[in-house]
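So you can see what is in the structure, the chains are spelled out below.
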Amino acid sequence: MSLLPTAELHLHIEGTLEPELILALAERNGIELPYANLEDLRAQYQFTDLQSFLNLYYENMAVLQTEQDFADMTRAYLRRAAAAGVRHAEVMMDPQAHLSRGITLETCVNGVASALATSEEQFGVSTELIAAFLRDEPAEEALAVLENLLAMDAPIIGIGLDSAEVGNPPRDFVALYERAHAAGLKCIAHAGEEGPPEYIREALDLLKVARIDHGIRCLEDENLVERLVEDQTPLTVCPLSNVRLRTVDTLTDHPLPQMLERGLNVSVNSDDPAYFGGYMDENFNQLQGTFAFDANQLAQLARNSVRSAFITDARRRELLAEIGAWQIESRGRLEVPTSADHRR
Ligand SMILES: Nc1ncnc2[nH]cnc12
Ligand SMILES: [Zn+2]
């Protein structure tokens with residue numbers, strides 16, 4: 001049984017920093033961590049909400065110091081993603097989280113970009129880079145960083161908006177998104193993860209985004225659901241993330257089946273796989289185990305990711321053909337795309 005070919009559209013590269021790599025980079029860079037060992041570090045991975053995760057996520061970034069560190073982290077993700085069936089990845093990074101630690105834009109951007117540049121030949125995964133801005137930091141700072149990214153001709157195709165959602169609405173970032181649109185960049189934003197449906201509306205109406213990251217709280221607003229279905233707005237859903245951050249109680253309670261049923265354009269993504277218990281294959285594995293999706297439903301989720309990706313029509317046709325072949329091969333004898341071989 002071959003792996004389900006998919007596009008990963010919602011992935012924070014800093015969220016792929018595995019505990020083992022954190023310790024290795026700390027050692028390489030002579031950084032003292034507040035954890036005695038791997039077990040001690042792993043014991044921190046219990047989250048009560050988004051903020052409790054973000055605290056650890058930002059803290060662990062201290063080990064990322066050089067271009068090589070960023071490139072090593074990115075290559076480790078690409079290798080793992082390829083083994084999970086990912087054929088195209090649109091990778092977000094958080095430049096402000098590094099600038100605030102005294103790491104230059106060149107170091108973090110060039111480090112990640114250098115690994116992405118050889119991804120297709122090395123791992124068979126085509127990639128794009130998206131700069132995400134921290135919504136819990138001043139909007140003026142985000143705009144200044146975007147100007148610097150543009151000035152250095154950073155190889156980004158778009159911008160995103162992430163970090164602590166509640167109390168930091170999309171309406172605060174209109175100038176940032178106007179600048180990004182004017183520069184010809186694609187625009188996406190996290191909305192409706194912990195925040196209300198109104199934030200999804202704002203992201204669409206004020207920031208004019210092409211995709212919504214998460215968006216699961218749209219279901220609380222029937223008019224919004226109808227609009228999202230009508231426009232086929234992509235929602236990049238992250239099931240294991242939602243469970244680990246307690247947005248839903250258990251995977252059984254996850255609204256993905258309901259969202260598919262309603263005709264929303266939903267895809268499956270891993271968000272911060274090193275923190276949330278799995279990469280793309282593990283997300284599909286657990287969905288399959290919980291909801292018993294058939295080959296048609298799994299293929300639909302994969303097709304949604306490909307039709308929502310920022311890729312050429314030729315690449316889209318190529319990936320849709322791969323999914324079609326997988327679907328034919330899988331019908332009638334469906335096993336889940338397995339992660340057993342690469343599980344930690
Ligand atoms: N799930 C998430 N939500 C908001 N900001 C993030 N940054 C990294 N992961 C995030
Ligand atoms: Zn995210």
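About the cut-offs
- Counting from 1, residues in each chain are numbered in the order their sequence is written.
- Just so you know, chain letters begin at A and ligand numbers begin at 1, following the order they were written in.
- Two thresholds apply to this predicted model, a pLDDT of at least 70 for residue-level local features and 80 or more for giving and counting side-chain atom pairs, whereas whole-chain, interface and lining totals are computed over all residues.
- UniProt positions are given in the numbering used here, feature names are shortened, and annotations may be inferred rather than shown by experiment.
- Two residues form a contact once the distance between their C-beta atoms, set from the backbone, is within 7 Å.
- Only DSSP runs of H or I with at least four residues qualify as helices, and only runs of E with at least two residues qualify as strands; both kinds are numbered from the N terminus onward.
- Three exposure classes are used, all based on how many other C-beta atoms lie within 10 Å of a residue's own C-beta (placed from the backbone): buried at 20 or more, exposed at 12 or fewer, and partly exposed between those limits.
- Every residue carries a pLDDT, the predictor's confidence in it, which falls somewhere between 0 and 100.
- The term nonpolar core means buried Ala, Val, Leu, Ile, Met, Phe, Trp, Tyr and Cys residues held together as one set by C-beta atoms within 7 Å.
- Geometry is summarised by axes, namely lines fitted to C-alpha atoms with helices restricted to the contacting stretch, and by angles between N-to-C directions that run from 0 to 180 degrees.
- Helix crossings get a hand from a simple test, with the near helix turned counterclockwise from the far one by less than a right angle marking a left-handed crossing and a clockwise turn marking a right-handed one.
- Each residue receives one of three labels: charged for Asp, Glu, Lys and Arg, nonpolar for Ala, Val, Leu, Ile, Met, Phe, Trp, Tyr, Cys and Pro, and polar for the others, Gly being one of them.
- In this entry, near means the residue's backbone-placed C-beta atom lies within 6 Å of the molecule or strand.
- Paired strands, in this sense, are two strands between which DSSP finds at least two bridges.
- Take the number of residues in a helix, subtract one, and multiply by 1.5 Å to get its expected span.
- By construction, the arc corresponds to the directions joining the helix axis to the C-beta atoms.
- Here is the rule for angles: anything less than 35 degrees is roughly parallel, anything more than 145 is roughly antiparallel, 65 through 115 is roughly perpendicular, and the remaining ranges are oblique.

1. Section: the UniProt feature "binding site: Zn(2+)" (unreviewed entry) in the chain
Point 1. In the numbering used here, UniProt assigns the feature "binding site: Zn(2+)" (unreviewed entry) to H10, H12, H190 and D271. In three dimensions, the annotated residues from a span of 262 residues occupy one location, with a maximal C-alpha spread of 11.7 Å.
Point 2. The residues touching H10, leaving out its near neighbours within four places in the chain, are D213, T236, C238, N269 and D271.
Point 3. Note on placement: H12 falls in strand 1 (residues 6-12).
Point 4. H12 gets classed as buried once you count the C-beta atoms within 10 Å, which come to 26.

2. Re the confidence of the model for the chain
Point 1. Across the chain, pLDDT averages 96, with 96% of residues at or above 70.
Point 2. Here the predicted complex carries an ipTM of 0.98, next to a pTM of 0.96.

3. A short note on the nonpolar core
Point 1. Counting residues in hydrophobic clusters, the biggest one holds 94 residues, and the most contacted among them are A81, V91, M93, V112, I130 and A203.
Point 2. With residues up to four places along the chain from it excluded, the contact list for V112 reads I13, F70, T74, M93 and L129.

4. Things to note about the packing of helix 4 (residues 67-83) against helix 6 (residues 105-117)
Point 1. At a minimum axis distance of 7 Å, the contact between helix 4 and helix 6 shows a crossing angle of 35°. For helix 4 against helix 6, the interelement crossing comes out right-handed. From helix 4, E67, Q68, D69, F70, A71, T74, R75 and L78 reach across to helix 6, where they touch T107, C108, N110, G111, V112, S114, A115 and L116.
Point 2. Its residues placed into classes, the contact of helix 4 with helix 6 shows seven nonpolar, six polar and three charged.

5. Observations concerning the site of ligand 1
Point 1. Neighbouring ligand 1 are H12, G15, L50, Y57, D162, S163, H190, E193, S241, D271 and D272.
Point 2. Here the shell around ligand 1 is built from residues that sort into two nonpolar, five polar and four charged.

6. What to know about the pairing of strand 1
Point 1. The element strand 1 is largely enclosed, with a buried count of seven among its seven residues.
Point 2. Pairing of strand 1 with strand 2 (residues 86-93), which is carried by five bridges, proceeds in the parallel orientation. If you follow H12 over to strand 2, its bridge partner there is M92.

7. Thoughts on helix 8 (residues 139-151)
Point 1. Here helix 8 spans 18 Å end to end across 13 residues, near enough to the 18 Å set by a 1.5 Å rise per residue.
Point 2. Within the sequence span of helix 8, burial applies to A142, V145, L146 and L149. Down the axis of helix 8, the buried set is contained in an arc of 105°. They therefore lie on one face. Summarising the geometry of helix 8, the exposed residues directed more than 90 degrees from the buried face are E140, E147 and A151.
Point 3. Where helix 8 terminates, the next one or two residues include D153, which has phi positive at roughly 55°.

8. Concerning the packing of helix 8 against helix 9 (residues 174-182)
Helix-helix packing is characterised by the crossing angle of the two axes and by the distance between the axes.
Point 1. Viewed as axis vectors pointing N to C, helix 8 and helix 9 meet at an angle of 15°, and their least axial separation amounts to 8 Å. On the basis of the axis angle, helix 8 is roughly parallel to helix 9. The handedness of the crossing between helix 8 and helix 9 is left-handed. Contact residues: A139, A142, L143 and L146 in helix 8; A175, L176, R179 and A180 in helix 9.
Point 2. A class-by-class count of the residues in the contact of helix 8 with helix 9 yields seven nonpolar, no polar and one charged.

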